[in-house]
Every structure is written in structure tokens, then in C-alpha cells.
Amino acid sequence: MLGVAGGIAAYKACELLRRLTESGHRVRVIPTESALHFVGAATFEALSGQPVHTGVFSDVPEVAHVRLGQQAELVVVAPATADLLARATHGRADDLLTATLLTARCPVLLVPAMHTEMWLHPATRDNVALLRSRGIVVMEPASGRLTGVDTGPGRLPEPVEIAELARLLLERADALPHDLAGRRVVVSAGGTREPLDPVRFLGNRSSGRQGYALARVAAQRGAEVALVSAHTADLIPPAGVRMVHVGTAEQLREAMLVEAKHADVVAMAAAVADFRPATLVDHKIKKTASGPPSLTLELNPDILAELVELRPAGQLVVGFAAETGDETGDVLFHGRAKLARKRCDFLVVNAVGEGLAFEQPDNAGWLLSSDGGETELPSGSKALLASRVWDAVASRLT
Ligand code: C5P
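None of these values were measured; they are calculated from a predicted model.

**Q** Is there a simple way to explain the packing of aromatic side chains in this structure?
**A** Within a pair of aromatic rings, the relevant descriptors are the distance that separates the centres and the angle that separates the planes. Taken as a whole and judged by the stated rule, the model has zero aromatic pairs. The cationic tip of Arg125 hangs over the ring face of Trp119; the distance from NZ or CZ to the ring centre is 4.5 Å.

Right, dumping it as C-alpha cells:
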């Protein structure tokens, strides 16, 4: 079920609807009466291929207000206005959407969008806290330009981000508990780029998707998150996350050392270049008749090792390892050896190679823990893998 409440961000519900139907889901749209001031029922009917009603008195013989909630595998409300949150909190059932929220027994994802003042008002804060305490997932709004000239938290997160969390809840209903509230988390993501000259660099194929999913899921589970991002595919900064952009391994190192100082958890998902050109040429290296230039490389610092070395008491450090098996052992064998060598608390081990992990939406592997724990991470979305990592971290923190 896709509920749509009456805010200007209702127009973005159309894109969300398309994403959900294009990924194979059957979606029934339930707008509120006021949502129809922004987007017509015909648009929702055409995009979903399903009838659209707003009140409990349409389709009476079908008892829609009970049936729709009972049948749903997931209810997403985007945008969820301050009024919708208030009505949901108090168990009102004065239209089809709120009645459906009362009868639904599946995961519910509410995606707020409203003016900053409304989002920060104690009434809304209390409503959100109560809804979360009941196990309803209330997404963090994005910050930025709102209708008119004002900016601040209250923007609807991008539809692609909402769709990612919706998919996660369909994969795993309990993936987003609010168990990292009050925790400070730093995640690194993406691939570093080591410049050769003003136009060329040594880089790698990391898309940043796993790191962004870690940050998004941690923020959703209540953490205050900083995401130190090297180069990535065209990814959307997760809603409610503080972004720090870097280029080279050295810049990533500096940012991580600053951010990690006061963090409860550090997760190094970035693909850090192991080597960099020993000299940075200040002009474009020219082609010459004498053949290509030779490159001298030097070692980059091992940032994870340094973070482990400097970590304050109680801080948990999560490392990542992309491994392939070889004649000396399989992926898991190399993962165990790396965990022992790196001395981090958790190591996520991915099998890499053609068509595995890199640039892919899905991921799989093992989560190894310094206390000897070994959990297989079955293939699923990168958000699902992130949720398993945060489960392990949250239980170790407590
Ligand atoms: O040894 P390996 O490169 O496989 O280790 C991977 C882990 O170490 C990842 O968590 C990666 O972010 C981190 N790393 C690092 N600094 C480097 C190389 C890797 O922090 N120079």
C-alpha cells in the first residue's frame, strides 16, 4: 500500500509508485482527500493500474478499510504530513488511509515531509517517538530547500532512497529498529582517486553503494551519522546524514581521524588505494616518441590499522575485506586471517570477482567477529547486509 497525504511532496509519490511497480510489486495507492488537491486520482490509478479511493464509504461491500490493511505486505506513507503523523499516533480512522494503518499487521514505513517548524515542534517530536516505540519506521526527513524560500530538515527523502528502505523492509520486517539512538557512527565509502597529473588518476571500481547503505540504515536506526565519501557512482546522500567529501586516501585518512575521535562506531567500507604515484606531476604528462612514462608508486597508509591503533575505549571498528579464494585457502580462510591481522571488532568478508559485489546492487558474504562469531550473510540488498552488520554492532554496544 502506498499512502499519500496532503503535502506538496505528493507529486514525488508518483515517482516512488513507478519505482515500486517497475521492481515488480503490486501497489495500491490510498491518498487522503487533501492529497488529491496536489495529484489527481487518475494519475495514481494509471500508474498503479488499481482503483483509488480516499474514504471508508467507497467500495462498502468490499469492506476495503479492513481488507486493504490485512492484505498488505508493506504500507508506505509518502509524504506523511504532520497531520497524518498526528492522526496515526492517536489511532484515528477517519479516512481510508488511517483505517488501513490501524488494520495493517505488516511493516509500516512513514516518510515525513513538512516545514521545519512543524517537524521540530514538540507535538510532532512526541508523535514520532510514540510511533517509533510501537515499531513503526519513521524515516528521517532530508534537509534542504522546502517550498518557498525556507530550508532545513523536512524535505521528503528522494524516492530512490524510500524505495531502498521499502525493499529492505520487504526482505526483512525487523531490519530497522531504533536501536542506535544516541550513538555516533562514522562510515567511509567509495573509492579513492590518486592523482598522477592534473587530468589523470589511479582509481578503482567501488561504487560506494555498500557504504551508503550502511550510513542510510544506521541513520534510520537512530544514529548520528557522518559519511566520509570518496568517489562513488551517482548516489544520493542518505537523508539525515552529514556528508564529508574526500578524494585521495590521504584526505580520507585525515577526515576519518577527525570524525572517529568521538565516534561509538567506525565502519571502513571505502576502497582505499593501496598505492599512489610517488610524484604528482603539475602538468599533463605528454605523449612522447620514446614511449610511455614509467610510474613509480609508493604505499598509502593503512587507515583501518591506524584507526584500530588510536581508537578510544569502547569504540567498535568494522572493517571490510574483498577476497577471492586461491590455492592456499577459500574466501573465509583469508577473511579469518585478515580479522586477526587487522584487530578490528568485526570484519565483513565479501567474495569478489566477475559479477560479484562491485558495482552490484546485491551483496553476500560473512560477518566475522573478534569474539569468534561467524555469521553467513546470505545474498540480498546492500541495505540488508548493512542491517545485519548493525544488529551485531548494536548488540555488542549494549
Ligand atoms: O587489507 P585490505 O585492503 O583488504 O583491507 C580492507 C580494509 O582495510 C577495508 O576496511 C578498507 O577500508 C581498509 N583499508 C584502509 N587503508 C588502506 C587499505 C584498506 O583503511 N590503505
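There's plenty left to go through after this.
**Q** I keep staring at the side chain of Thr232 and nothing clicks. Help me out?
**A** Mapped onto the fold, Thr232 is located in the loop between strand E11 (224–229) and strand E12 (242–245). With a relative accessible area of 15%, Thr232 lands in the buried category.

**Q** Explain the site of the ligand here, please?
**A** Residues in contact with the ligand, as listed here, are Met268, Ala270, Val272, Asp274, Pro301, Asp302, Ile303, Leu304, Gly319, Phe320, Lys338 and Lys342. Residue Leu304 places a main-chain N or O atom 2.7 Å away from an oxygen atom belonging to the ligand. Protein chains bury 86% of the 450 Å² of accessible surface belonging to the ligand in isolation. Mapping the ligand onto the cavity grids shows that it belongs to the largest pocket. Only helix H11 (303–310), strand E16 (316–323) and helix H12 (331–342) provide two or more residues apiece to the shell around the ligand. In terms of residue class, the shell around the ligand is made up of seven nonpolar, one polar and four charged.

**Q** Could you clarify how one ought to interpret helix H9 (residues 209–220) in this entry?
**A** Structurally, the α-helix is built with 3.6 residues per turn, so residues lying three or four positions apart point the same way. An ideal rise of 1.5 Å per residue puts 16 Å on twelve residues; H9 measures up with 16 Å between its terminal C-alpha atoms. Across the twelve residues of H9, eleven count as buried, placing the element largely inside the fold. Every buried residue of H9 is listed here: Gln210, Gly211, Tyr212, Ala213, Leu214, Ala215, Arg216, Val217, Ala218, Ala219 and Gln220. One or two positions beyond H9, positive phi appears at Gly222, with a value near 105°.

**Q** Please clarify how the nonpolar core should be interpreted in this entry.
**A** Grouped burial of nonpolar side chains is what soluble globular proteins tend to show. One finds Val76, Leu109 and Trp390 to be the most contacted residues of the largest nonpolar core, which totals 67 residues. Take this core: its biggest share by element is ten residues, from helix H13 (residues 382–397). Counting 26 residues, the second largest nonpolar core, distinct from the first, contains Met256, Ala260, Met268 and Leu347.

**Q** I tried to follow the pattern of salt bridges on my own but got confused; where do I start?
**A** Opposite charge on two side chains permits them to pair, given that their charged atoms come into close proximity. Summed over the entire model, instances satisfying the criterion amount to 27 salt bridges. Where Glu298 meets Arg276, a salt bridge forms, and the shortest distance between an N and an O atom there is 2.9 Å. With Glu298 in strand E15 (residues 297–299) and Arg276 in strand E14 (residues 275–277), the pair connects residues that are 22 residues apart, well separated along the chain. Using a relative accessible area of 32% as the deciding quantity, one classes Glu298 as partly exposed. Note that Asp345 and Arg396 form a salt bridge whose closest N and O atoms lie 3.9 Å from each other. Taken as a pair, Asp345 in the loop between H12 and strand E17 (346–351) and Arg396 in helix H13 lie far apart in primary sequence, 51 residues in all. Taking the relative accessible area as the measure of exposure, Arg396 reaches 28% and is therefore partly exposed. Each member of the salt-bridge network shares a partner with another, and the members are Asp83, Arg87, Arg92, Asp94 and Asp95.

**Q** For this particular structure, what's the right way to read a nonpolar patch on the surface?
**A** A grouping of Phe275, Leu295, Leu297 and Leu299 is seen on the molecular surface, where their side chains present a nonpolar patch of about 410 Å² in accessible area. If you trace the backbone, Leu295 turns up in the loop between E14 and E15. In this structure Leu295 comes out as partly exposed when scored by relative accessible area, which is 49%.

**Q** Whenever I open this one, the sheet that holds strand E3 (residues 75–80) confuses me. Can you help?
**A** Adjacent strands of a sheet pair through backbone hydrogen bonds, lying either parallel or antiparallel. Spatially, the five strands line up as an open sheet ordered E2-E1-E3-E4-E5, and their pairing is parallel. On the outer flanks of this sheet lie strand E2 (29–31) and strand E5 (137–138), each paired with one strand and no other.

**Q** Would you take a moment to explain helix H1 (residues 10–22) for this structure?
**A** A rise of 1.5 Å per residue sets the reference length of H1, with its 13 residues, at 18 Å; its end C-alpha atoms lie 19 Å apart and thus fit the reference within 8%. For H1, every residue scored as buried is listed here: Ala10, Lys12, Ala13, Cys14, Leu16, Leu17 and Leu20. Positioned one or two residues after H1, Gly24 has a phi angle of 100°, which is positive.

**Q** Looking at this structure, I do not really get the environment of Val76. What am I missing?
**A** Checked against the element boundaries, Val76 lands in strand E3. The buried category is assigned to Val76, whose relative accessible area is 2%. Between the C-alpha atom of Val76 and that of Thr248, which follows or precedes it by 172 residues, the distance is 39 Å.

**Q** It is not clear to me how the sheet that holds strand E18 (residues 362–369) should be interpreted in this structure. Could you clarify?
**A** With mixed pairing, the eight strands of this open sheet are ordered in space as E12-E11-E8-E13-E16-E17-E18-E19. Both outer strands of the open sheet, E12 and strand E19 (374–381), are each paired with one neighbouring strand and no more. Strand after strand, the sheet turns through a mean of 20° between neighbouring axes, direction not considered. The pairing of E18 with E19 spans six bridges and is antiparallel. Each residue of the ladder has a partner; that of Asn363, found in E19, is Gly380.

**Q** Can you walk me through the packing of helix H10 (residues 249–260) against H11 in this structure?
**A** Each pair of packed helices can be summarised by the angle the axes make with each other and by the distance between the axes. Contact pair H10 / H11: the axes reach a minimum separation of 10 Å and the direction vectors enclose 20°. Compared by their axis directions, H10 and H11 come out roughly parallel. For the pair H10 and H11, the sense of crossing is right-handed. Of H11, the residues touching H10 (which contributes Ala249, Leu252, Arg253, Met256, Leu257 and Ala260) are Ile303, Glu306, Leu307 and Leu310. Residues belonging to the contact of H10 with H11 are distributed by class as follows: eight nonpolar, no polar and two charged.

Here is what the cut-offs are and how they apply
Residues numbered from 1 in each chain as written. Predicted model: local features only at pLDDT ≥ 70, side-chain atom pairs only at ≥ 80, totals over all residues. Heavy atoms only, no water. Phe/Tyr/Trp six-rings, centres within 6.5 Å; stacked < 30°, edge-to-face > 60°. Lys NZ or Arg CZ within 6 Å of the ring centre and 35° of its normal. Helix = DSSP H or I, 4+ residues; strand = E, 2+ residues; numbered from the N terminus. Buried < 20%, exposed > 50% of the residue type's maximum accessible area, 1.4 Å probe, protein only. Near = heavy atom within 4 Å. Polar contact = N/O pair within 3.5 Å; in protein donor to acceptor, adjacent residues only side chain to side chain. Areas by Shrake-Rupley, 256 points an atom, 1.4 Å probe, with all protein chains shown as cover. 1 Å grid on protein atoms, 1.4 Å probe; cavity = no way out; pocket = protein on both sides within 12 Å on 5 of 7 lines; lining within 4 Å. Sits in = over half its atoms within 2 Å of the grid points. Nonpolar A, V, L, I, M, F, W, Y, C, P; charged D, E, K, R; others polar. Expected span 1.5 Å × (residues − 1). Core = buried A, V, L, I, M, F, W, Y, C linked by side-chain atoms within 4.5 Å. Salt bridge = Lys/Arg side-chain N within 4 Å of Asp/Glu carboxyl O. Patch = residues over 30% accessible without salt bridge, like charges linked within 9 Å, V, L, I, M, F, W, Y side chains within 5 Å. Pairing = 2+ DSSP bridges. Axes fitted to C-alpha atoms, helices over the stretch in contact; angles between N-to-C directions. Parallel < 35°, antiparallel > 145°, perpendicular 65-115°, else oblique. Left-handed = near helix turned anticlockwise from the far one by under 90°. Contact = heavy atoms within 4.5 Å.

Function cannot be inferred from these measures alone, as they are strictly geometric.
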